[in-house]
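Understanding the architecture of this molecule
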Amino acid sequence: LVSIRDIYKDPKKYIDKEIKLGGWVRSNRDSKSFGFIMLNDGTYFDQLQIVYHDVLDNFEAVKKINVGAALIIKGKLIETPEAKQPFEIQASEICIEGVSAPDYPLQKKRHSLEFLRSISHLRPRTNTFQAVFRVRSLIAFAIHSFFNERGFIYVHTPIITGSDAEGAGEMFKVTALDLQNIPKTEDGNVDFLQDFFNKETSLTVSGQLNGETFAMAFKNIYTFGPTFRAENSNTARHAAEFWMIEPEMAFADLTDNMDIAEDMLKYIIKYVLENAPQEMKFFNEFIDKGLLDRLKNVLDSDFGRISYTEAVELLEKHNDSFEYKVSWGCDLQTEHERYLTEKIFKKPVFVTDYPKDIKAFYMKLNPDNKTVAAMDCLVPGIGEIIGGSQREDDYNKLLKRIEELGMDTSLYEFYLDLRKYGSARHAGFGLGFERCVMYLTGISNIRDVLPFPRTVGSCDI
Ligand code: 4AD
Ligand code: MG
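Residues numbered from 1 in each chain as written. Chains lettered and ligands numbered in written order. Predicted model: local features only at pLDDT ≥ 70, side-chain atom pairs only at ≥ 80, totals over all residues. Heavy atoms only, no water.

Quick word on the pairing of strand E4 (residues 70-79)
Remark: a regular strand shows side chains that alternate across the two faces of the sheet. Rules: Two strands pair under a simple rule: DSSP has to find at least two bridges between them. Secondary structure elements are defined from DSSP: runs of H or I of at least 4 residues count as helices, runs of E of at least 2 residues count as strands, and each element is numbered from the N terminus.
In this sheet, E4 lies alongside strand E1 (residues 18-30) in antiparallel orientation, the contact comprising seven bridges. Note that in E4 the partner of Gly22 across the bridge is Ile72. Direction of pairing for E4 relative to strand E5 (residues 87-98): antiparallel, over a ladder of 10 bridges. When the bridges of E5 are listed, Ile73 appears paired with Ile94.

What follows is the structure, encoded as structure tokens:
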């Protein structure tokens, strides 16, 4: 079978030839002696028009075909320079592979994203989700190319883990214990020593700590995999299961870290603009009007870079516009992040050197003893898309921090070892993959860029 993508890639090969292709019906209009089917085969954003006539043996059956039916079509591809689409097929045979029941939920009209969320098994068949998930796939590919071109090793870090990489206590527990009959310790707690791994385990919140062990061997590595957070945040940008890209670079500091993050985001934007022009035009028209201009401008300018302390000074002047007032020491909320990037900088911006108390234990303490070498990248429309830092590479300082925070030192021995045997300055970051997809598509809810979203109170299919 030929696909619609094949046709658009090399039309000359197929024009005026008899071809065969399979796809699903988006619409079927008929009059007395002929009809038109718009066919989508998933391989290309545009649909292909199929023209059929009453010479078909099954003409009456074809006229009755509902939206959603699967067909295999034989016919001649002809050029239609006057029409909206440059080609159509004049069908000589239409084989009904699978009919579609008349209650098919996707009729030829615009459905709301909320409604489509309730049918996540069917929404990939709509234009919007065809565009979203094709772009999602392209972004993943662009990220792998970016790091591979630079010699980074792709590491598969584990999903089940015994340590809390962010120290934030937002882990989903993993257990093989029979909930009806959980073994208890003498003090009445769950006895994890009798569980599968003989210890308490969870789904990973980040591959970073494992990634660092590989960076201390391969110099430049990245992870790209699913991560899980039992964060009780019911927002448009938090999911319980999301994907993260985490590069880690030995002999790199915070500036190197920002440079590579900026290059990566620009690479992704450029790749998607070049490889998904129709999808991007669609988003610009139907999802987010300023999208294309905004992304093109990003390619032509440097990201903003500002310290947390400077950012707080700027934001304090606008405290009237915020629900949560800003002062030094507070964590920046989405409203503050968006104000900085949308109103003040009007482009992506890195905020660096946050107070140590609002950041993770592994970040390198700055000489002021109050802030750490952290960087968050904020983008218009979303806020934080990347979180990263230079890591504490001093054994004693790291141990002191782990103890100060009351963390279980025994779980971090492997991590401390990295500071004992050939410690080197190193830095890395985590790009939230879904937030990156939101940024490139203009889609404003994370539930609409995840194939099967898992969020507070919701885990369907
Ligand atoms: O800022 P975070 O928590 O940083 C880390 O996990 C570090 N270990 C990264 C590193 O330095 N290697 O998360 C990184 C990014 C965030 O900036 C955000 O884009 C995304 O992951 N993220 C989420 N995306 C969707 N849903 C959630 N619940 C998310 N939590 C974080
Ligand atoms: Mg963060």
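Structure shown, so let's carry the discussion forward.
Notes on the sheet that holds strand E15 (residues 383-390)
Rules: In this description, contact between two residues means that some pair of their heavy atoms is separated by no more than 4.5 Å. Axes here mean lines fitted to C-alpha atoms, for a helix over just the part in contact, with angles spanning 0 to 180 degrees between N-to-C directions.
Taken in spatial order, the eight strands make up an open sheet running E6-E10-E11-E16-E15-E14-E13-E12, and their pairing is mixed. Of all the strands in the sheet, the pair left with one neighbour each is strand E6 (153-154) and strand E12 (304-307). In terms of strand pairing, strand E11 (residues 241-250) meets strand E16 (residues 426-432) through five bridges, oriented antiparallel. Of the residues in E16, the one forming a bridge with Ala250 is His426. Together, E12, strand E13 (349-352), strand E14 (374-379) and E15 form the strand contacts of helix H10 (residues 334-345), whose direction differs from that of E14 by roughly 60 degrees.

With respect to the pattern of salt bridges
For clarity, the threshold we go by: Throughout this description, the term salt bridge denotes a Lys or Arg side-chain nitrogen within 4 Å of a carboxyl oxygen of Asp or Glu. Each residue gets one of three labels from its accessible area relative to the maximum for its type: buried under 20%, exposed over 50%, partly exposed in between, using a 1.4 Å probe on protein chains only.
All told, the structure shown has 25 salt bridges when counted by the stated rule. Note that Arg123 is salt-bridged to Asp448, the shortest N-O span being 3.4 Å. Within this pair, whereas Arg123 is found in the loop between helix H3 (113-117) and helix H4 (127-149), its partner Asp448 is found in the loop between helix H13 (433-441) and strand E17 (454-455), the two being separated by 325 residues in sequence. Across the pair, Asp448 and Arg123 agree in class, each one buried.

Concerning the site of ligand 1
This is how it is decided: Residue proximity to a molecule or strand is established when one non-hydrogen atom of the residue lies within 4 Å of it. Pairing of N or O atoms within 3.5 Å defines a polar contact, subject to two protein rules: one partner must be a possible hydrogen donor and the other a possible acceptor, and residues neighboring in sequence count only if both atoms are side-chain atoms. Here, Shrake-Rupley sampling with a 1.4 Å probe gives the accessible areas, and only protein chains in the shown set may cover a residue. Think of it as three bins: nonpolar holds Ala, Val, Leu, Ile, Met, Phe, Trp, Tyr, Cys and Pro, charged holds Asp, Glu, Lys and Arg, and polar takes everything else, Gly as well.
Near ligand 1 you find 24 residues, and of these Glu166, Gln208, Arg229, Glu246 and Glu384 are the closest. In the environment of ligand 1, an oxygen atom lies 2.7 Å from a nitrogen or oxygen atom belonging to the side chain of Arg229. Within the side chain of Glu384, a nitrogen or oxygen atom sits 2.6 Å from an oxygen atom of ligand 1. Relative to its unbound accessible area of 620 Å², ligand 1 is 94% covered by the protein chains. Mapped by element, the contributors of at least two residues to the shell around ligand 1 are E11, E15 and E16. If you tally residues by element for the shell around ligand 1, the top one is E15, at five residues. Each residue belonging to the shell around ligand 1 can be placed in one class, and the counts come to eight nonpolar, eight polar and eight charged.

A few points about the state of the cysteines
Convention followed: A pair of sulfur atoms, both from cysteines and within 2.5 Å, is called a disulfide here.
Taken as a whole and assessed by the stated rule, the structure comprises zero disulfides. Not engaged in a disulfide, the cysteine Cys330 finds its nearest cysteine sulfur in Cys377; these two sulfurs lie 19 Å apart. Among the cysteines around Cys377, which has no disulfide bond, Cys436 carries the closest sulfur, lying 10.0 Å off.

Description of helix H11 (residues 395-404)
Threshold: This arc corresponds to the set of directions leading from the helix axis out to the C-beta atoms.
Residues of H11 that are buried: Leu398, Leu399, Arg401 and Ile402. Within H11, the buried residues cover an arc of 160 degrees as seen down the axis, which keeps them to one side. Turned more than 90 degrees away from the buried face of H11 sit Asn396 and Lys400, all of them exposed. For H11, the N-terminal cap is Asp394; the gap from its side-chain oxygen to the backbone nitrogen of Asn396 is 3.0 Å.

Some details on the packing of aromatic side chains
Aromatic rings in a pair are described by how distant their centres are and how their planes are angled relative to each other. Convention followed: In this scheme Phe, Tyr and Trp rings, the latter by its six-membered ring, pair at centre separations within 6.5 Å, and the angle between planes marks the pair as stacked below 30 degrees, edge-to-face above 60, and tilted otherwise. Our definition puts a charge over a ring when NZ of Lys or CZ of Arg is within 6 Å of the ring centre and also within 35 degrees of the ring normal.
According to the stated counting rule, one finds 26 aromatic pairs in the structure shown. A centroid spacing of 5.1 Å and a plane angle of 65 degrees characterise the contact between Phe224 and Phe433, whose relative ring orientation is edge-to-face. Of the two residues, Phe224 is situated in strand E10 (residues 220-228) and Phe433 in helix H13; the sequence distance between them amounts to 209 residues. For Phe433, a relative accessible area of 3% translates into the label buried. Feature note: the residues Phe146, Phe147, Phe152, Tyr154, Tyr222 and Tyr267 constitute an aromatic cluster, connected by ring pairs. For the cation-ring pair, Lys359 lies above Tyr354, with the distance from its terminal atom to the ring centre recorded as 4.3 Å.

Quick word on the side chain of Arg435
What counts is decided by this rule: By the counting rule applied here, Lys and Arg register as positive and Asp and Glu as negative, while His and the ends of each chain are not counted.
On the secondary structure map, Arg435 appears in helix H13. The charged side chain of Arg435 is buried without a salt bridge, its nearest counter-charge being Glu384 at 4.7 Å. Side-chain polar atoms of Arg435 contact the backbone oxygen of Glu384, separated by 2.9 Å. If sequence neighbours within four positions are ignored, Arg435 has contacts with Arg237, His238, Ile382, Glu384 and Ile385.

Some thoughts on the nonpolar core
Our working rule: Put simply, buried Ala, Val, Leu, Ile, Met, Phe, Trp, Tyr and Cys residues joined by side-chain atoms within 4.5 Å make one nonpolar core.
By size, the foremost hydrophobic cluster in this structure holds 68 residues, and its most contacted members are Ile139, Leu265, Ile268, Ile386 and Leu431. The element best represented in this core is H4, accounting for 12 residues. In this structure, Ile139 is in contact with Ile268, Val272, Phe433, Cys436, Val437 and Leu440, ignoring residues within four places of it in sequence. Membership of the second largest hydrophobic core comes to 33 residues, among which are Tyr308, Leu315, Leu378 and Ile402.

Observations regarding H10
As a reminder, the rule being used: How far a helix is expected to stretch is found by multiplying one less than its residue total by 1.5 Å.
Spanning 12 residues, H10 covers 15 Å between terminal C-alpha atoms, matching the ideal 16 Å at 1.5 Å per step. Within the span of H10, buried status applies to His336, Glu337, Tyr339, Leu340 and Thr341. Contacts from the buried residues of H10 go to helix H9 (308-316), E13, E14 and E15. Immediately beyond the C-terminal end of H10, within one or two residues, lies Lys346, with a positive phi of roughly 55 degrees.

Thoughts on the packing of H4 against helix H6 (residues 254-275)
Keep this limit in mind: In what follows, roughly perpendicular refers to angles from 65 to 115 degrees, roughly parallel to angles under 35, roughly antiparallel to angles over 145, and oblique to any angle outside these ranges. Rotating anticlockwise by less than a right angle from the far helix to the near helix defines a left-handed crossing, while the corresponding clockwise rotation defines a right-handed one.
Where H4 contacts H6, the axes come no closer than 9 Å and their chain directions differ by 135 degrees. By the angle between their directions, the pair H4 and H6 is classed as oblique. In the crossing of H4 with H6, the sense of the turn from one axis to the other is right-handed. Contacts from Val135, Leu138, Ile139, Phe141, Ala142, Ile143, Ser145, Phe146, Phe147 and Glu149 in H4 reach Ile260, Asp263, Met264, Tyr267, Ile268, Tyr271, Val272 and Asn275 in H6. Its residues placed into classes, the contact of H4 with H6 shows 14 nonpolar, two polar and two charged.

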